Amino acid sequence: MKIALCQTTVYKDWRKNIRNAERVIGEAAKAKADMVVLPEMFICPYNKKAVAAAAQPADGEAWQMMAEAAEKNHVYLVAGSMPEAENGNIYSTAYIFDRQGKQIGRYRKMHMFDIDVRGGQYYRESDVLKPGSEVTVVPTEFGPIGIAICYDVRFPELFRLMEQKGAKAVVVPASFNRTTGPSHWELLMRSRALDQQLYILGCAAAADLAGSYNGWGHSIAVTPWGDIMEELGEGPGMLMADLDFAYMDQVRQEIPVLSQRRTDVYEVCEKESRYAEKALTKGLETYINR
């Protein structure tokens, strides 16, 4: 399976961003990509005011244009993430289309980017966005592909759930910042590839040092062994990754951690933890001493 990660520049005009996305999708299709991935919030600058202004309902104009681009170019398309408006709420939503332009999945970012790094980045995504709550794995003729968005990569539990649903790769539209990007971007992508033994593909927006949110760029593709296949720099570009799922199977056979998990112990520990919390709440100190 050949996946194109399109590291695009994000402009203030959402229609300009859509036209730019249509252009790079066409270029990726000409390069024989099976799936094209766009960055997190590729449609608008990554700040609260711009996100709120660009929000559209599912089936809105931007959605329609992306569906048409997938069909026109006969590719699977992960439309990065776009601000989705529904019932007064806004979600960071990745729409996934098949080669006929039919939506086959929708993933709403599950973990909100609310951080306050001393001397570095401060951001509260939850001031404008609501979190999703559904794990998304979509079917392709090559096998199931999982979807996560940016900050989600810090939570291995989500990636375990996608692996359990059969995901052979997880694509991660993202927009890491210049505080955490240099330290954590590569490390987190390689960690998720290693602990789930699948391909991880992080697609970031190009850096914009003059913008309100200075992204890190560095779109990356990582193998199930944890090796970096390729990584871009900060500017606009396209990373083309050839995924070999037979190699993934080989890695899982050689180091069979997925089949060696002690779910009997893990499940018991989880139940014991809940019981202990309940006992302490009731003041049953005899539980602690038993």
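Everything discussed here concerns the structure shown above.
Calculation notes
Residues numbered from 1 in each chain as written. Predicted model: local features only at pLDDT ≥ 70, side-chain atom pairs only at ≥ 80, totals over all residues. Heavy atoms only, no water. Salt bridge = Lys/Arg side-chain N within 4 Å of Asp/Glu carboxyl O. Helix = DSSP H or I, 4+ residues; strand = E, 2+ residues; numbered from the N terminus. Buried < 20%, exposed > 50% of the residue type's maximum accessible area, 1.4 Å probe, protein only. Axes fitted to C-alpha atoms, helices over the stretch in contact; angles between N-to-C directions. Parallel < 35°, antiparallel > 145°, perpendicular 65-115°, else oblique. Left-handed = near helix turned anticlockwise from the far one by under 90°. Contact = heavy atoms within 4.5 Å. Nonpolar A, V, L, I, M, F, W, Y, C, P; charged D, E, K, R; others polar.

Undergrad: Before we move on, can you summarise the pattern of salt bridges with the specific residues and values?
TA: Summed over the entire model, instances satisfying the criterion amount to 16 salt bridges. Between E84 and R106 there is a salt bridge, with the nearest N and O atoms lying 3.1 Å from each other. Of this pair, E84 sits in strand β3 (residues 76–86) while R106 is found in strand β5 (residues 103–108), placing the two residues 22 residues apart along the sequence. Residue classification places R106 among the partly exposed residues on the basis of a relative accessible area of 29%. Between D114 and R124 there is a salt bridge, with the nearest N and O atoms lying 3.8 Å from each other. Note that D114 is positioned in strand β6 (residues 114–116) and R124 in strand β7 (residues 122–124), a separation of ten residues in sequence. Owing to a relative accessible area of 32%, R124 belongs among the partly exposed residues under this scheme.

Undergrad: Give me the lowdown on the packing of helix α1 (residues 14–30) against helix α3 (residues 61–73), citing residues and values where you can.
TA: Here α1 crosses α3 at 15°, and the two axes come no closer than 10 Å. Relative to α3, the element α1 lies roughly parallel. Note on packing geometry: the crossing formed by α1 with α3 is right-handed. Together, W14, R15, I18, A21, E22, I25, G26 and A29 of α1 and E61, A62, M65, M66, A69 and N73 of α3 make up the contact between the two elements. Considered class by class, the residues forming the contact of α1 with α3 number nine nonpolar, two polar and three charged.

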